[in-house]
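# Fold and contact review
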Amino acid sequence: MEKASVVVIGGGATGVGILRDLAMRGVDVLLLEQRDLVNGSSSRYHGLLHSGGRYAVKDAAAGKECIEENTILRKIGKHCVEATEGFFIRLPEDDKAFEEKWVEGCRKVGIPAIPISPEEAWRLEPNLTRRIQSVYRVPDAAIDGFRMAWQNVASARRYGGRVRTYSEVVAIEQSNQQITGVKIKSFLTGAVETIACDFIVNAAGSWAGKIAGLAGIQVHVQPDRGTLLAFNHRLSSRVINRLRPASDGDIFVPHGSITILGTTSSPAESPEDNLPSTQEVLAMMKIGEATFENLGQYRLLRAFTGTRPLYSADPSAKGRGASRNFVILDHAKDNLTGFASIVGGKFTTYRLMAEKMSDLVCRYLKITTPCRTAEEPLVEDASPQLLAKARQYFPAYGTELAASRLGAERLEKVVNSMEQDPEKRQLVCECENVTLAEIETAAKDSTSYCLSDVRRKTRMGMGTCQGAFCIFRSVGAVDSQNLAWGQSTNDLLKEFLQGRWNGIRPILWGSVLREMELTRGIYEGMLNINGVIDNETK
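Residues take numbers from 1 onward in each chain, read along the sequence in its written order. Thresholds applied to this predicted model are a pLDDT of at least 70 for local features of residues and 80 or more for the giving and counting of side-chain atom pairs; totals over whole chains, interfaces and linings are not thresholded and use all residues. Heavy atoms from the whole structure form the basis of all side-chain values; hydrogens and water molecules are not counted.

## Some thoughts on the packing of helix 1 (residues 13–24) against helix 5 (residues 145–158)
How we decide: A fitted line through C-alpha atoms represents every axis, and for helices the fit uses only the stretch in contact; the resulting angles, taken between N-to-C directions, go from 0 to 180 degrees. What counts as a helix is a DSSP run of H or I of at least four residues, what counts as a strand is a run of E of at least two, and both are numbered from the N terminus. Note that the term roughly parallel is reserved for angles under 35 degrees, roughly antiparallel for angles over 145, roughly perpendicular for angles of 65 to 115, and oblique for everything else. For any pair of crossing helices, the crossing counts as left-handed if the nearer helix is rotated counterclockwise from the farther one by less than a right angle, and right-handed if it is rotated clockwise. Contacts: residue pairs with any heavy atoms within 4.5 Å of one another. Put simply, Ala, Val, Leu, Ile, Met, Phe, Trp, Tyr, Cys and Pro go in the nonpolar bin, Asp, Glu, Lys and Arg in the charged bin, and everything else, Gly too, in the polar bin.
For the pair helix 1 and helix 5, the least separation of the axes is 8 Å and the interaxial angle reads 20 degrees. Overall, the two elements helix 1 and helix 5 adopt an arrangement that is roughly parallel. Both helix 1 and helix 5 take part in a crossing whose hand is left-handed. Contacts between helix 1 and helix 5 involve Val16, Gly17, Leu19, Arg20, Ala23 and Met24 from the former and Ala149, Asn152, Val153, Ser155 and Ala156 from the latter. Residue composition of the contact of helix 1 with helix 5, grouped by class: 7 nonpolar, 3 polar and 1 charged.

## Quick word on helix 15 (residues 510–526)
Quick note on the threshold: Each residue after the first adds 1.5 Å to the expected span of a helix. Summary of the burial criterion: residues with accessible area below 20% of their type's maximum are buried, those above 50% are exposed, and those between are partly exposed, where the area comes from a 1.4 Å probe applied to protein chains only.
Here helix 15 contains 17 residues, and its C-alpha end-to-end distance of 23 Å stays within 8% of the 24 Å for a straight helix at 1.5 Å per residue. Of all the residues in helix 15, the buried ones are Val512, Glu515, Met516, Thr519, Ile522 and Tyr523. In the core, the buried residues of helix 15 are packed alongside strand 18 (300–311), helix 13 (471–480) and helix 14 (489–504). Positive phi shows up at Asn528, right after helix 15, with a value of about 55 degrees.

## Here we look at the pattern of salt bridges
Threshold: Here, a salt bridge means any side-chain nitrogen of Lys or Arg that lies within 4 Å of a carboxyl oxygen of Asp or Glu.
Inspection of the entire model under this criterion finds 43 salt bridges. Between Asp21 and Arg25 there is a salt bridge; the shortest N-O distance is 2.6 Å. Judged by relative accessible area, which is 6%, Arg25 ranks as buried. The salt bridge partner of Asp273 is Arg225, with a shortest N-O separation of 2.8 Å. Remark: Arg225 occurs in strand 13 (residues 221–231) and Asp273 occurs in the loop between strand 17 (266–267) and helix 7 (278–288); sequence separation between them is 48 residues. Each member of the pair Asp273 and Arg225 is classed as buried.

## Some words on helix 3 (residues 96–109)
Rules: Each direction from the helix axis to a C-beta atom contributes to the arc, which is the arc of those directions. Counting of polar contacts relies on pairs of N or O atoms within 3.5 Å, with two restrictions inside protein: one atom must be capable of donating a hydrogen and the other of accepting it, and residues adjacent in sequence are counted only when both atoms are side-chain atoms.
An ideal rise of 1.5 Å per residue puts 20 Å on 14 residues; helix 3 measures up with 20 Å between its terminal C-alpha atoms. Taken residue by residue, helix 3 has Phe98, Glu99, Trp102, Gly105, Cys106 and Val109 as its buried positions. Each buried residue of helix 3 lies within a common arc of 125 degrees when the element is viewed along its axis, so the set occupies one face. Every exposed residue of helix 3 that faces more than 90 degrees away from the buried side is listed here: Lys96, Glu100, Lys101, Arg107 and Lys108. Along its buried surface, helix 3 packs onto helix 2 (60–76), strand 5 (86–90) and strand 7 (134–138). Backbone nitrogen of Ala97 and a side-chain oxygen of the N-cap are separated by 3.0 Å at the start of helix 3; the cap is Asp95. One or two steps after helix 3, the chain reaches Gly110, where phi turns positive at roughly 95 degrees.

## Re the nonpolar core
General note: in soluble globular proteins, nonpolar side chains tend to be found buried as a group. The line we're drawing: Among buried residues, those of type Ala, Val, Leu, Ile, Met, Phe, Trp, Tyr and Cys that are joined through side-chain atoms within 4.5 Å constitute a nonpolar core.
One finds Val6, Val8, Ile18, Leu22, Val29 and Val201 to be the most contacted residues of the largest nonpolar core, which totals 32 residues. Broken down by secondary-structure element, the contributors of at least two residues to this core are strand 1 (2–9), helix 1, strand 2 (29–32), helix 5, strand 12 (192–202), strand 20 (339–344) and helix 8 (350–365). Broken down by element, the residue count for this core peaks at 7 residues, all from helix 8. Setting aside chain neighbours within four positions, we find Val6 in contact with Leu22, Val27, Asp28, Val29, Leu30, Phe199, Val201, Val361 and Leu365.

## As for the packing of aromatic side chains
Short version of the rule: Classification of ring pairs uses Phe, Tyr and Trp, with its six-membered ring standing for Trp, and accepts pairs whose centres are within 6.5 Å; under 30 degrees between planes counts as stacked, over 60 as edge-to-face, and the remaining range as tilted. A positively charged side chain is recorded as over a ring if its NZ (Lys) or CZ (Arg) lies within 6 Å of the ring centre. The angle to the ring normal must also be within 35 degrees.
Under the defined criterion, the tally for this structure stands at 9 aromatic pairs. Ring geometry for Tyr166 against Tyr449: centres 5.3 Å apart, planes inclined by 85 degrees, an arrangement best described as edge-to-face. Separated by 283 residues along the polypeptide, Tyr166 in the loop between strand 9 (162–164) and strand 10 (167–175) and Tyr449 in the loop between helix 11 (436–444) and helix 12 (451–458) bring together distant segments of the chain. The partly exposed category is assigned to Tyr449, whose relative accessible area is 29%. Taken together, the ring pairs in this structure connect Tyr45, Phe347 and Tyr350 into an aromatic cluster. A cation over a ring is seen here: Lys346 above Tyr55, with NZ or CZ 5.0 Å from the ring centre.

## Observations concerning unusual backbone geometry
With an omega dihedral of -15 degrees, the bond running from Gly262 to Thr263 counts as a cis peptide bond. Residue placement: Thr263 occurs in the loop between strand 16 (258–262) and strand 17. Here the phi dihedral of Val38 falls at roughly 45 degrees; this positive angle occurs in a residue that is not glycine. Residue class for Val38 comes out buried when judged on its relative accessible area of 1%.

## Re a nonpolar patch on the surface
As a reminder of what qualifies: What goes into a patch is any residue over 30% in relative accessible area without a salt bridge, connected to like charges within 9 Å or, for nonpolar side chains (Val, Leu, Ile, Met, Phe, Trp, Tyr), within 5 Å. Every accessible area reported is derived by Shrake-Rupley at a probe size of 1.4 Å, with residue values counting cover from the shown protein chains alone.
Residues Phe469, Phe472, Leu518, Met526 and Leu527 make up a contiguous nonpolar surface patch of roughly 480 Å² in combined accessible area. Turning to its location among the elements, Met526 is positioned in helix 15.

## Points about the environment of Tyr311
Here Tyr311 is to be found in strand 18. By relative accessible area, Tyr311 is classed as buried at 15%. Placed 89 residues apart in sequence, Tyr311 and Gln222 show a C-alpha to C-alpha distance of 6.2 Å.

## Digging into the packing of helix 1 against helix 8
Helix 8 packs onto helix 1 with a crossing angle of 50 degrees between their chain directions and a minimal axis gap of 8 Å. By the angle class used here, helix 1 and helix 8 are oblique. Both helix 1 and helix 8 take part in a crossing whose hand is right-handed. Seen from helix 1, the contacting residues are Ala13, Thr14, Gly17, Ile18, Asp21 and Leu22; seen from helix 8, they are Tyr350, Met353, Ala354, Glu355, Met357, Ser358, Val361 and Cys362. Within the contact of helix 1 with helix 8, the residues separate by chemical class into 9 nonpolar, 3 polar and 2 charged.

In structure tokens:
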């Protein structure tokens, strides 16, 4: 039977943060995730590293946590953060009295909010509406949730932390009101096994109530549905927020060459309620046009939906009415020792949430090693010598990108592979500059079981073509190296295409429709993946 001192349930930002924190303190820790890492809320949000301005009026404590963690994450996770800064803009229809409250709220919390003229804002961001009444600069930033999570795992592994994906917890084992382990079921094989442990951390996000329920404990987590849009353009260089009480469609976040518009808020039927609708897309477009008046002329890449794990001791609190603060519940108070849940919170404060939960676990295990996650970088910088070597094999514009994506340790492995075999240098995904060597490295990771897992590690298929041209190359790459996880090439193609299709279906008009017809021609026509042609030799 496999054993661990601590089992962490949930592979989102908080879960991987706890994994890293405990591993760095010398704890034998194992993380379990029911699917792939960051497959839930942590990958289905707008990728905003909050300055705290969003919460300055309504939730000052959350605002203060955000500006403090914003500063820390820029330091320890600089390869995941694009320091864009942000604007808060007020339009004629936005309440001027709220602006005064917001300025005072930022001052009290310690968020630098610098007023500039609309003319200066238009000089810096020429696509913004000319109806702006007032503008403030704040230290918002964009953050890559996938990369942040995987670099937390890479850091944890260096200290002995372990990860098992596609392992769903189906039972909490206990004896005499004391945790003894968990029973898990493989999503891939259906095999059931028990893992012994001394402590369980429930960091399952929107599923936290379900996990607590396995132990007979009630935790009021209300999944709240949020839909977002990705545009194939960078509408602005900065994060753009509407200066008004939090509402739908009031944040634009630039990421690389794209922009994400978010988000909606409505009760979710379940944590898996994550298929966007055309009605939500149209509503968001209409709201967003107040900020960028020519929004409808930009090409949409996809829509996606996630669920926020909102917690309130009051089960009637819902949506934006619920606090975004986090809460740690020690279930010793429910007569079960060695079990705690962490609920609520937001991506920007994941490290702080992990620190507080790890403090509780270490007190239980009588470990006195202090937290170091605010000081130690997630990954080391690549040396000038390694970067110079990498530039011999990567496209000129791709070396820095790969170095940020991989970190020094994995970059060295990829570069060595490219040095030994020139074929590994070819680009599989031109949109995101992902090489064959990177695809193979990601496919070999113990947590990869399909091409979508490789996509989340590398961003392959997440750029302009949304996988139209890099999927068949990726399938060929993994199949030729016997890395196809026992799946046929047809199954590999279908799994990836279905994942992309879920986000494209609600925006199927104009350029997107033409692009999908091209994709359909490639995969159904040329590659016959649905078997319409019975015998291709006839």
